[in-house]
Amino acid sequence: GAVVSQHPSRVICKSGTSVKIECRSLDFQATTMFWYRQFPKQSLMLMATSNEGSKATYEQGVEKDKFLINHASLTLSTLTVTSAHPEDSSFYICRIAGARDTQYFGPGTRLTVL
Amino acid sequence: QKEVEQNSGPLSVPEGAIASLNCTYSDRVSQSFFWYRQYSGKSPELIMSIYSNGDKEDGRFTAQLNKASQYVSLLIRDSQPSDSATYLCAASFSGGYNKLIFGAGTRLAVHP
């Protein structure tokens, strides 16, 4: 069965609104979760590393005030895209990492901003 | 800047043939390497991981790592149409499995 879930799987919103994406670890406690973004026909770009109980670490060029990450528990991390614009339309994917080869991607969330 | 590079393809092979996918990386510190398969509209799924120089085989898949030359490859034997997907190479730059940097991916098309 699934180890990681994401909700929603697909969301369409109007420009200027905020969208929250949830990533849940179903089978084990994840102290670290990673958020990626993927534009069509491009690779996954790491946005930030989410650490339980502390502030997320953002990659260079990713606006931390626009992409708010909260990792309040060992099983849940949320990514909020604030004041979304059409250029934020993308496929957002979370990944959790456990022991050495234990890593799982969530199923992804397709965001479309009109 | 740490990079992982792949040929975007498409790589087209006939059914039953061997598909060879290549990847190079820029950071000699990288220790862990991964191959993912991604179908259109889906999230990536892990196929192989490799940490040591040489070959690692798993079913029809063989990963090859050459740290001196900084490349890693994936061979798919007896290619099937269901193998048609984008294959992503990833390297860990933190000395572990956590922070992965992905290549742009190679699109593979296996035709009957």
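Please refer to the structure higher up on the page.
Remember, it's a predicted structure, so these values are computed and weren't measured experimentally.

What counts as what
Residues numbered from 1 in each chain as written. Chains lettered and ligands numbered in written order. Predicted model: local features only at pLDDT ≥ 70, side-chain atom pairs only at ≥ 80, totals over all residues. Heavy atoms only, no water. Pairing = 2+ DSSP bridges. Helix = DSSP H or I, 4+ residues; strand = E, 2+ residues; numbered from the N terminus. Axes fitted to C-alpha atoms, helices over the stretch in contact; angles between N-to-C directions.

Some thoughts on the sheet that holds strand 1 (residues 4–6) of chain B
Residues and elements named next belong to chain B. One open sheet accounts for five strands, arranged 1-3-8-7-6; its pairing is antiparallel. Looking at strand neighbours, the two that pair on one side only are strand 1 and strand 6 (54–58), the edges of this open sheet. Taken pair by pair, the neighbouring strands of this sheet meet at an average axis angle of 20°, ignoring direction. When strand 7 (residues 61–66) meets strand 8 (residues 71–76), the two strands line up antiparallel, connected through six bridges. Counted as the bridge partner of T62 is L75 from strand 8.

What about the sheet that holds strand 7 (residues 67–73) of chain A?
Residue and element names in this part refer to chain A. Strand order across the open sheet formed by four strands is 1-3-8-7, with antiparallel pairing between neighbours. The two strands at the open ends of the sheet, each matched to only one other strand, are strand 1 (4–7) and strand 7. Taking each pair of neighbouring strands and ignoring which way they run, the sheet shows an average axis angle of 15°. Inspection of the sheet shows strand 3 (residues 19–25) paired to strand 8 (residues 76–81) by six bridges, in the antiparallel sense. Looking at strand 8, one finds that E22 is bridged to T78.

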